[in-house]
Amino acid sequence: TRDEIVNKVKNAGIVGLGGAGFPTYVKYLPKQNANLIIINAAECEPYITCDFVSILENSQKLIRGLKYIMKANGAKQGVIAIKSAKVEAVELLTENLKDEKNIKLYLLKDKYPVGWEKHVVERVTKKTYAALPREIGVVVNNVQTAIAVCEAVEENKPLIEKVVTISGEGIKEPKNLRIKIGTYIHIVA
């Protein structure tokens, strides 16, 4: 049920994994239904690829997580917004969504500030808002957040890890790593 999903997300300690770290269950508390859930899969920084890798590894969990988020918010529609340049992920999601009536893919241009929540919401809905997307009936979650929601609901798994991108011009071997939350990282230049 809606309440069971919200409680599982709360008890799993899931926070927004797009960077803000906001408690995810709080987005699901308003009693009025949301019209639309958007999964923000558009990484805004040029070196970041952790959501891209997460989609390739867990596209089915992402879709099931989106469905749980839709149910928790009473939303009838879901959108995964992703940059068109992420061809492999776009192709995989297109295949996995072919039988989904209420979930669509929205392709974004590959330019900055695509990935910024407000930019994504405005592109997908053609509407703007003052403070929070909920003002226009929208809830936004990140790729890894949706996957964590799926794992909390189906496996009772708490939020204990995150995929992070270690990259940039000063890194000899750029990569994405799945690390336990709280792991100490020391990078030697």
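The rules behind the values
- Residues numbered from 1 in each chain as written.
- Predicted model: local features only at pLDDT ≥ 70, side-chain atom pairs only at ≥ 80, totals over all residues.
- Heavy atoms only, no water.
- Pairing = 2+ DSSP bridges.
- Helix = DSSP H or I, 4+ residues; strand = E, 2+ residues; numbered from the N terminus.
- Axes fitted to C-alpha atoms, helices over the stretch in contact; angles between N-to-C directions.
- pLDDT = per-residue confidence, 0-100.
- Salt bridge = Lys/Arg side-chain N within 4 Å of Asp/Glu carboxyl O.
- Buried < 20%, exposed > 50% of the residue type's maximum accessible area, 1.4 Å probe, protein only.

**Student:** Go over the sheet that holds strand β1 (residues 36-40), please, and point to the residues and values.
**Tutor:** The 4 strands lie next to each other as β3-β2-β1-β4, forming an open sheet whose pairing is parallel. Each of the sheet's edge strands pairs with one partner strand only, and the pair in question is β3 (103-108) and β4 (138-142). Each strand axis lies, on average, 25° off the axis of its neighbour in the sheet, ignoring direction. Pairing analysis gives 6 bridges linking strand β2 (residues 77-83) to β3, with the strands arranged parallel.

**Student:** Break down the confidence of the model for the chain for me, citing the residues and quoting the values.
**Tutor:** The share of residues in the chain with pLDDT of 70 or more is 97%, and the mean pLDDT across the chain is 92. Helix α4 (residues 87-96) holds the highest mean pLDDT among the elements of the chain, 98, whereas strand β5 (residues 161-166) holds the lowest, 91.

**Student:** I'd like a rundown of the pattern of salt bridges, residues and numbers included.
**Tutor:** Applying the stated rule across the entire model yields 13 salt bridges. With a closest N to O distance of 2.8 Å, R178 and E57 form a salt bridge. Of the two residues, R178 sits in strand β6 (residues 175-180) while E57 sits in helix α3 (residues 50-73), which places them 121 residues apart along the sequence. Since its relative accessible area comes to 49%, E57 is described here as partly exposed. Notably, a salt bridge pairs E151 with K157, separated by 3.5 Å at the nearest N-O pair. Note on E151: relative accessible area 12%, which makes it buried. Several salt bridges converge on common partners, so that one network encompasses E57, K61, E151, E155, K157, E161, R178 and K180.

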